[in-house]
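Breakdown of the fold
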Amino acid sequence: MITVYGIKNCDTIKKARKWLDDRGIEYRFHDVREEGLSTATVAGWLEELGWETLVNKRSTTWKGLDPAVRDKMDDSTALQLIVEQPTLFKRPLLDIGHERHCGFSAARYQDIFNHHTL
């Protein structure tokens, strides 16, 4: 099952969900504010993507972090912070089962779904 992780009021999430809906692609939406994130889930994302890809450095959450924390960010720190503050990761996170993708663009999603058997 495809899972889209994000927050429901995010404009980028809305665009990604509309793109999927318009193409009849079934997915589950996981609202991280309501459902949270497990340490194991975030650890898997970090192992696959690395904190540099996963963390949204343009987010309000990132900008609100102490500069000392931002300067010393690594996978371990990112794990703790994303579990505590799930709006820190780049949204949406698309989990298609065998790989994960951060962010949304129609062209990128088209490429993902054209080249992968789900």
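Look up: the structure comes first, before these words.
Below is a summary of the structure that appears in this document. Predicted model, so just to flag it, every value in this text is computed and none were measured.

1. Concerning the layout of surface pockets
As a volume, the largest pocket reaches approximately 150 Å³. The wall of the largest pocket is formed by Cys10, Thr12, Asn56, Arg58, Lys90, Arg91, Gly103 and Phe104. Residues belonging to the lining of the largest pocket are distributed by class as follows: 2 nonpolar, 3 polar and 3 charged.

2. Brief notes about helix H3 (residues 39–49)
Buried within H3 are the following residues: Val42, Trp45, Leu46 and Leu49. Angular distribution of buried residues about the axis of H3 spans 95°; they occupy a single face of the element. Along H3, the residues that are exposed and aim more than 90 degrees away from the buried face are Ala40 and Glu47. Those residues of H3 hidden inside the fold are in contact with strand E1 (3–6), helix H4 (51–54), helix H7 (75–84), strand E3 (93–95) and strand E4 (100–102). One or two steps after H3, the chain reaches Gly50, where phi turns positive at roughly 80°.

3. A word on the packing of H3 against H7
Here H3 crosses H7 at 140°, and the two axes come no closer than 9 Å. In this view, H3 runs oblique relative to H7, as classed from their interaxial angle. Our pair here, H3 against H7, has a crossing hand that is right-handed. In this structure, H3 uses Thr39, Val42, Ala43 and Leu46 to contact H7, whose residues at the interface are Asp75, Ala78, Leu79, Ile82 and Val83. Grouping the amino acids of the contact of H3 with H7 by side-chain chemistry returns 7 nonpolar, 1 polar and 1 charged.

Each value, and the rule that gives it
- Residues numbered from 1 in each chain as written.
- Predicted model: local features only at pLDDT ≥ 70, side-chain atom pairs only at ≥ 80, totals over all residues.
- Heavy atoms only, no water.
- 1 Å grid on protein atoms, 1.4 Å probe; cavity = no way out; pocket = protein on both sides within 12 Å on 5 of 7 lines; lining within 4 Å.
- Points joined across faces, edges and corners; volume = space filled by probe spheres on them.
- Nonpolar A, V, L, I, M, F, W, Y, C, P; charged D, E, K, R; others polar.
- Buried < 20%, exposed > 50% of the residue type's maximum accessible area, 1.4 Å probe, protein only.
- Helix = DSSP H or I, 4+ residues; strand = E, 2+ residues; numbered from the N terminus.
- Arc of directions from axis to C-beta.
- Contact = heavy atoms within 4.5 Å.
- Axes fitted to C-alpha atoms, helices over the stretch in contact; angles between N-to-C directions.
- Parallel < 35°, antiparallel > 145°, perpendicular 65-115°, else oblique.
- Left-handed = near helix turned anticlockwise from the far one by under 90°.

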